[in-house]
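Here's the letter readout for the chains.
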Amino acid sequence: MALNAAPERTDLHSGTPYWLVRNGTDETYPVLATDIETEVVIIGGGITGALCAYHLCEAGLGVVVVDSRAIGTGSTCASTALLQYDIDLPLHDLAELIGLDRAVRSYHASADAVRNLLRIGERVGCELDQRPSIQVASKRSHVKALRREADLRKQHGFDVRFIPTEEEVRQCSPLIGPAALRSELGAQVDAWRLTHALHTRNTRSGAQVFAHSHVEHIDTSDTRPLLTTTRGHRIRAQYLIHAGGYETTDLLPRGTVALHSTYALVSEAGTLDQPWLDSALIWETAHPYLYMRSAPEGRIILGGRDESFRSPPLRDALLRKKTAALVKEFEERCAPLKLVPEFAWCGTFGETKDALPIIDQVRDDPRSFFALGMGGNGITFSLIAAEVIRDRILGHVHPAADLFTLDRW
Ligand SMILES: Cc1cc2nc3c(=O)[nH]c(=O)nc-3n(C[C@H](O)[C@H](O)[C@H](O)COP(=O)(O)OP(=O)(O)OC[C@H]3O[C@@H](n4cnc5c(N)ncnc54)[C@H](O)[C@@H]3O)c2cc1C
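The rules behind the values
- Residues numbered from 1 in each chain as written.
- Predicted model: local features only at pLDDT ≥ 70, side-chain atom pairs only at ≥ 80, totals over all residues.
- Heavy atoms only, no water.
- Core = buried A, V, L, I, M, F, W, Y, C linked by side-chain atoms within 4.5 Å.
- Buried < 20%, exposed > 50% of the residue type's maximum accessible area, 1.4 Å probe, protein only.
- Helix = DSSP H or I, 4+ residues; strand = E, 2+ residues; numbered from the N terminus.
- Domains from an automatic or database assignment.
- Contact = heavy atoms within 4.5 Å.
- Pairing = 2+ DSSP bridges.
- Axes fitted to C-alpha atoms, helices over the stretch in contact; angles between N-to-C directions.
- 1 Å grid on protein atoms, 1.4 Å probe; cavity = no way out; pocket = protein on both sides within 12 Å on 5 of 7 lines; lining within 4 Å.
- Points joined across faces, edges and corners; volume = space filled by probe spheres on them.
- Nonpolar A, V, L, I, M, F, W, Y, C, P; charged D, E, K, R; others polar.

Draft legend 1. A look at the nonpolar core. Membership of the largest hydrophobic core comes to 76 residues, with the highest contact counts inside it found for Ile42, Leu198, Ile241, Ile384 and Ile393. Here this core takes 10 residues from helix H4 (residues 100-123), the largest share from any one element. Each of domain 1 (13-79 + 191-255 + 355-408) and domain 2 (133-184 + 258-351) accounts for three or more of the residues forming this core. Sequence-distant contacts of Ile241, defined by excluding residues within four places in its chain, comprise Val40, Val41, Ile42, Ile43, Cys52, Leu56, Phe369, Ala371, Ile389 and Ile393.

Below, the structure written as structure tokens:
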């Protein structure tokens, strides 16, 4: 099987992702320069590959991670990294689409993932900031559905509160709206730093991580997958995990994933004298939605203005216009706050019809797996993928394993 061509650095994002500037790029990993054998090989060393490797190392398995780019410089460094259990589709809409039981289980799996990410961050020395998440009604006509969402979530054990008036919304959110839904569980992180903290810990446990090593061919005709890199080196493994992010969508049945371009910015330091109440993660009911979080030094991270992805050059050509539009929308809807962007970038993300990830074995190949987080919850979904696939390899069945398979549509 031939894989995607060796990528350009800017295929997944361009502009100036804040995290790369903030952290520098001095985390280096070797290039694969020999043939090797291992128990599990992971294609992709972003946050998904790093979390998969973490759980496999914890389980005592031998792991090799291989990435075409510098590690963490795919979508991971572009992520605004709001960690919300609230899935892009509200619970009541998801229930209509996939049934109440599966929808509630998906929401609970996502909530468990946020809690587990908090624990893992602490263990690997990259603590996440715990934050509530507030979803603001974009219009008066959205209020009824938001109240219904609050009731349904409460009924199924989620810690949420409906905020019924604009006056009360103003007290906790810079984004104004006629009502809001507050979820207590949420977090924010620097996804690039978490990725490297995971790889550091994993390599101490024996994992090997290779950068700038593009896998161009996979042979699964033998019982053990055989990967060949562009430089001609081979990796033989018992199991293979595809954690190649949105470039992996080429391997999925046509129409499984729709790609979107998305835009983000970070404001100048000192934009906020003091953070809004509880520094909550803020988003809204409109789709696509505007979202924001606070960042160190009084900065605001703002994102949205998504549109269908056509190509990296077309996505990038809109960066200046989209940045100006985000600022204008922020200043109109968050008045009297003003914002001057210091960093702006754009990226690509994938979305399935039910806004849920793809975590499954590759068709007719019980030794290869897809770990593909999707949508605005990409990172929490990455952790669910890491747990589900670890359990599959160890011969266990994860309670969420049936929710994210490829045959669910
Ligand atoms: C602007 C933006 C904002 C976002 N905000 C959020 C958010 O607030 N919350 C959230 O949860 N998610 C968010 N996401 C989504 C989240 O960032 C992604 O889901 C996540 O980063 C995906 O990580 P990954 O490791 O799967 O992919 P990547 O980071 O892209 O890593 C995949 C790696 O695989 C490598 N690769 C691919 N093919 C091969 C091959 N053949 N050989 C070797 N290597 C290969 C690539 O080089 C790449 O480095 C956002 C995304 C963007 C772009």
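Picking up where we left off.
Draft legend 2. Quick look at the sheet that holds strand E9 (residues 186-188). Pairing is antiparallel in the open sheet, where 3 strands are placed in the order E4-E9-E5. The open sheet is flanked by strand E4 (82-84) and strand E5 (129-130), the only strands paired with a single partner. Of the strand pairs in this sheet, E5 and E9 are connected by 2 bridges, and their pairing is antiparallel. By the bridge assignment for E9, Asp129 is matched with Gln188. Relative to the sheet, H4 contacts E4, E5 and E9, its axis offset from that of E4 by approximately 130°.

Draft legend 3. Focus on empty space enclosed by the protein. Counted by the stated rule, this structure contains 1 cavity of 30 Å³ or more. Considering only enclosed or pocket space, the largest cavity measures out at about 40 Å³ in volume. Ser261, Tyr263, Glu307, Ser308, Arg310, Leu314, Arg315 and Leu318 together form the lining of the largest cavity. Only strand E14 (258-267), strand E17 (299-308) and helix H8 (312-317) provide two or more residues apiece to the lining of the largest cavity. Per-class residue counts for the lining of the largest cavity are 3 nonpolar, 2 polar and 3 charged.

Coordinates in, geometry out; function isn't part of it.
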